[in-house]
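# Observations on chain architecture
Listed below, chain by chain, are the residues.
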Amino acid sequence: MSEENKYWHILEEFEPIKDVRNPKGREEVVSPTSRRNFLKVLGLGTASAALIASCKRPAEKAIPYFIKPEEITPGKAAYYASSYFNQNEFCNVLVKVRDNRPIKLEPNPKSVITPNGTSGRVQASVLDVYNVNRYQHPQKNGEATDWETADGEIVSQLRQLADSGKPVLLLTPTIISPSTKKLIGEFTQTFNAEWHQYDAIPMDGYREANNRVFGTNAIPEYHFEKADCIVSVGCDFLGTWLSPVEFSGQYSKRRDLFNGDGNLNKHYHIEAGMSLTGSNADMRIRAERADYGRILAYIYNHLAAKKGARTIEASTPPQDVIQKLDKVLADLAASEGKSLVVCGDNNPDYQIIANNINQLLGNIGSTILFERTYNHFQGSEKSLETLLNSNPGAVIVWDVNPVYNHPESEKIKAAIEKASLSVAISALPDETTELCQFVLPSPGYLECWDDAEYKNGIVSVLQPTLYKLFDARQAQESLLAWLGDETSWRDTIKNNWTTDYFPQQSEQNDPDRFWVETLKKGELVMESSPVTVVFNQNEIEKSIQSIDREKPVEGFTVELFENINIGTGHGPLNPWLQEVPDPVTRIAWDNYASVAPSVARQMGIQNGDIVQLGNLTIPAFVQPGQADKTISIAIGYGRIKGIPEELITGVNAYPLAKVENGFRQFSASGFNLTKTGGHEEMALVQGHQSMEGRPIVRESTLGKWKENPAAGNELHEEIKHHHTTLYNKYEYKGHKWGMAIDLSKCIGCSACVLACNTENNIPVVGKKEVARHHEMHWIRIDRYYNGDEENPEVVRQPVMCQHCDNAPCENVCPVAATNHSSEGLNQMAYNRCIGTRYCNNNCPYKVRRFNWLDYTGADSIPNNRYDPANLTLDLTRMRHNPDVTVRAKGVIEKCSFCVQRIQEKKLTAKNEGRQLQDGELQPACQQACPADAIVFGDLNDPNSKVSKMMKDPRNYHLLEELHTLPSVGYLTKIRNKS
């Protein structure tokens, strides 16, 4: 860490901004407890512990198999290939199943789209299966009914409507299943129905732009790993845009200095509100949301003039932005054919300009390909016009919630209520299903057969990993029943694959064997051929002129964005996603209006103050790096239906979106910002860990690294030289486990946090406890700012138990609950821990968690449970990993390096009579990381990757001046900036 850098967590630590501090401050609490009273309490606690230890828990009887299924071995996991798809995110996965219960999701290494890593939403989705609020049986007008009755009445009315010529509307999310598309075609033909696809966050503006410029409405592939220079205008491609897991893997390949050739790409990010992608950029340019169009036009005209192409007169962005764009334009011009310009706005004019910029730079056919285009985001605003402007006889709504997430929800609500037949197919209650006459419960994706063609020519199979928990039925099975087709949906998919895909491959000669092998791999990749698109340069003038006609609007611009965890509105149903803090603001359980520090200072706004924006009332958060005249608000919150009262958080911001020129836009101008006088405490987890001037994160620039591979890490050798100890050096004769984390590759996406939660049965404590800094996550991602409040740089650092060789926690435990293993692990014996928390106080890294309350139902005392998310019920407890102890109240817990995985892999290698291979053993955090930033292995193996990374000149340890000898190393973050 260079001396001129000043790192800070929150505005309270940034000296010039004292006037926007939280009014509660960080007061020092002085305990009034005397020594005598302390001893009294200690005596009572000891007696209570003895009493609790003598209590007997209720007996739970285990019932053995009489006839064991052949594919099930009790205590041994089975893995099934499947795929996760939720509106705007896709990932090929392996589902870990124990005793017919899916408990964990892992990336499918055989996938060509997402072979490494997942997202946090993918990891948390296993909990959705065990949601206690799911519909459990079909309903009619709120009353329970049976499938036979429901099918009879629905089919009767559909036939009557078809005969009378009244429209029947089928409204679905984007369908990427080839078999489902074929089935829907049969349904619409039989009942004279209209099929419309709907996306909560559409990309029809992108498709319209591509149609006008390239003659195809397809969304092409973007190859970030091929780009030497990336320029993003409000596009969060590492967080939520298009295919974030895929793009994170591509992006990290060009940020790798350990395996790479040192040729880092250059990443410029232009945005109004701080995003995950923007916070990872080499250079972030702060700009107002209303200026995006003018910025794109300026970039186009500058490049066009340089290449001798026609320029189009347009108004220019502010002068301070132009000065920063000079370096961007120079690097783009120097990276022709190896650059990428992307924009995250659904305005087709913006996308047309971006297309023309990429065409000028020669990126089409290089970093942007049309061979395997994306099949999601098929919805368009025009699809809703029939519902809004006609009088449909029947409306069938399948897993979409437009009454919640469309700005004209009242019109949609009225149209559904007027229809003579309304049917909702959904797993959970929501704002749309409550309006429908019939509600038909559907199972989760882990209970279903399906297929998916996310990209053209790459087809996946989904298979059920447990028997349906409730009296639910897939939507496809409902369509088959209404068509009078008695073929099962599984057989329908198999027949389609035998007919359509079996002839297109040559590996298998038998159709049945082809089907079985596809189920094993989970994916079929067919050959592709180069696609050449025709470029139409006549559209650019219209688009720039359209942007030039935009008049400045007084007041604030509100931009709506998608939170990386909560998404478009499914996240609030999942408490794991609610409790993981936003990677930028570090706030959990709520959305808020992000305002610039200058605005907060001027208006006297403090964190948590309730503000008014139009008809929206929402807490404010003072966000460094926020543009002055732009206010950023996350959508997806404010859900009410189908959610327990404890999980209802935030405000629904979808009504602030607008439909403009036939396209939904997620920014609007002309807002006034006023304080209401109210205040709400926010679950902000940042601030109780601080660098306090110490070199905890270290970074440097690419130029300095090329001159000195230890750039930014000069302190390491100096501290190492002064090390001395009273400890005896321990010789590890077998394995010595260690972990290395490359800060240059870590993007801070929190996938590792969610994977750790899933693997290790980590409880949810709720908003109130998180606000008190009682969160239970075994791994946290600290976020540090560097620079001024207006546009700081951001550094992130995952921190878990460091598994120190000279562990300070082990010396102070009075009952030896924490101890050191022969393989270098700092272990916890939960049944020995009595909760003194001495180890927590003595840990310099603050990575130990204390169970303040009975979050899991593992406590011996009855009626002592604190469960804000209904995770201790019999259904939700099915998701527990039986290899990991469920902890009780009053004990310390922490990262174990996934010791259960270590033991499993060691035993497998032993039974197979071989040595454990490097890379074979992966803890949950490493396996889930889409950026490949975490490496785990044996430090005693000199050829292991982790050993080599520990010897890298960039490697250092946290607080290494304490000489605790951690087994976790960090590689200095290197930015590509001049």
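Before going into details, it helps to say that this report is about the structure given with it. (Residues numbered from 1 in each chain as written. Predicted model: local features only at pLDDT ≥ 70, side-chain atom pairs only at ≥ 80, totals over all residues. Heavy atoms only, no water.)

## Looking at the overall build of the chain
- When helices and strands are counted, the chain shows 28 helices and 43 strands.
- The C-alpha radius of gyration of the chain comes to 29 Å, within 12% of the 30 Å expected for a compact globule of 978 residues.
- When its C-alpha atoms are laid out on the principal axes, the chain stretches across 85 × 75 × 65 Å.
- A burial count over the chain gives 60% of its 978 residues as buried.
- For the chain, contacts bridging at least 24 residues in sequence account for 74% of all contacts bridging at least 6.
- By element, 48% of the accessible surface of the chain is carried by carbon and sulfur atoms, the whole surface being about 39300 Å².
- Charge-centre separation for the chain: the mean point of 104 positive side chains lies 5 Å from the mean point of 122 negative side chains. (Helix = DSSP H or I, 4+ residues; strand = E, 2+ residues; numbered from the N terminus. Rg over C-alpha atoms; globule rule 2.2 N^0.38 Å. Buried < 20%, exposed > 50% of the residue type's maximum accessible area, 1.4 Å probe, protein only. Contact = heavy atoms within 4.5 Å. Areas by Shrake-Rupley, 256 points an atom, 1.4 Å probe, with all protein chains shown as cover. Lys, Arg positive; Asp, Glu negative; His and termini not counted. Charge placed at Lys NZ, Arg CZ, Asp CG, Glu CD.)

## Considerations on the packing of aromatic side chains
- All chains considered together, the criterion is met by 27 aromatic pairs.
- Ring plane angle 85 degrees and centroid distance 5.0 Å describe the contact between phenylalanine 850 and tryptophan 852, whose orientation is recorded as edge-to-face.
- Its relative accessible area of 13% is what places phenylalanine 850 among the buried residues.
- Its end group placed over the ring of phenylalanine 556, lysine 629 keeps NZ or CZ at 4.5 Å from the ring centre.
- It is lysine 736 that lies over the ring of tyrosine 732; its NZ or CZ is 5.2 Å from the centre. (Phe/Tyr/Trp six-rings, centres within 6.5 Å; stacked < 30°, edge-to-face > 60°. Lys NZ or Arg CZ within 6 Å of the ring centre and 35° of its normal.)

## Some points on the nonpolar core
- Phe237 and Trp241 are the most contacted members of the largest nonpolar core, which totals 122 residues.
- Setting aside its immediate chain neighbours within four residues, phenylalanine 237 contacts Phe224, Ile230, Ser232, Pro244, Phe247, Tyr251, His267, Thr277 and Val342.
- Counting residues in each nonpolar core, the second largest holds 39 residues, with Leu170, Phe187, Leu440 and Val459 among its members. (Core = buried A, V, L, I, M, F, W, Y, C linked by side-chain atoms within 4.5 Å.)

## As for the packing of helix 4 (residues 178–191) against helix 14 (residues 475–482)
- Running from N to C, helix 4 and helix 14 point in directions that differ by 35 degrees, and their axes come no closer than 10 Å. The interaxial crossing formed by helix 4 with helix 14 has left-handed handedness. Where helix 4 approaches helix 14, its residues Thr180, Leu183, Ile184, Phe187 and Phe191 are matched on the opposing element by Gln476, Leu479, Leu480 and Trp482.
- Among the residues forming the contact of helix 4 with helix 14, the class breakdown is seven nonpolar, two polar and no charged. (Axes fitted to C-alpha atoms, helices over the stretch in contact; angles between N-to-C directions. Left-handed = near helix turned anticlockwise from the far one by under 90°. Nonpolar A, V, L, I, M, F, W, Y, C, P; charged D, E, K, R; others polar.)

## Regarding the environment of tryptophan 398
- Mapped onto the elements of the fold, tryptophan 398 is located in strand 15 (residues 394–398).
- With a relative accessible area of 7%, tryptophan 398 lands in the buried category.
- Residues tryptophan 398 and lysine 977 lie 579 residues apart in sequence; the distance between their C-alpha atoms is 48 Å.
- Here tryptophan 398 is in contact with Leu171, Thr172, Pro173, Ile175, Thr180, Ile184, Ile425, Ala475, Gln476 and Leu479, once residues within four sequence places are set aside.

## What to know about the pattern of salt bridges
- Using the criterion set out here, one finds 55 salt bridges in the structure.
- For arginine 914, the salt bridge identified is with glutamate 912, shortest N-O distance 2.7 Å.
- By relative accessible area, which is 31% here, arginine 914 ends up partly exposed.
- A single network of salt bridges, built from pairs that share partners, joins Lys104, Glu106, Glu759 and Arg901. (Salt bridge = Lys/Arg side-chain N within 4 Å of Asp/Glu carboxyl O.)

## A closer look at helix 5 (residues 204–214)
- With eight of 11 residues buried, helix 5 is to be regarded as a mostly interior element.
- Buried within helix 5 we find Asp204, Gly205, Tyr206, Arg207, Ala209, Asn210, Val213 and Phe214.
- Packing partners of the buried residues in helix 5 comprise strand 9 (219–222), strand 13 (339–343), helix 10 (348–360), strand 14 (368–374) and strand 28 (663–665).
- Positive phi appears at glycine 215, one or two residues downstream of helix 5, with a value of about 75 degrees.

## Let's talk about unusual backbone geometry
- Non-glycine residue asparagine 141 carries a positive phi angle of around 50 degrees.
- Residue placement: asparagine 141 occurs in the loop between strand 5 (139–140) and strand 6 (143–144).
- In the Ramachandran plot, asparagine 661 falls in the positive-phi region, its phi being about 55 degrees despite a non-glycine side chain.
- Its location among the elements puts asparagine 661 in the loop between strand 27 (658–660) and strand 28.

## Some words on helix 9 (residues 319–333)
- The terminal C-alpha atoms of helix 9, which comprises 15 residues, lie 21 Å apart, in line with the 21 Å expected from a rise of 1.5 Å per residue.
- Along helix 9, the helix axis deviates most sharply at leucine 325, where the bend reaches about 35 degrees.
- Its buried side turned inward, helix 9 meets strand 10 (229–233), strand 11 (266–271), strand 12 (283–286), helix 8 (292–306) and strand 13. (Expected span 1.5 Å × (residues − 1). Bend = angle between axes of the 7 residues up to and from the residue.)

## Concerning the sheet that holds strand 16 (residues 421–426)
- Pairing is mixed across the open sheet formed by seven strands, whose spatial order is 6-5-17-16-15-7-8. The sheet terminates laterally at strand 6 and strand 8 (193–197), the two strands that pair on one side only.
- As paired elements, strand 7 (residues 168–172) and strand 15 share four bridges and run parallel to each other. Bridging across to strand 15, valine 168 finds its partner in alanine 394.
- Across the sheet, helix 3 (residues 147–164) is in contact with strand 5, strand 7, strand 15, strand 16 and strand 17 (438–441); its angle to strand 17 comes to roughly 125 degrees.
- Set on the sheet, helix 14 makes contact with strand 15, strand 16 and strand 17; between it and strand 15 the angle comes to about 145 degrees. (Pairing = 2+ DSSP bridges.)

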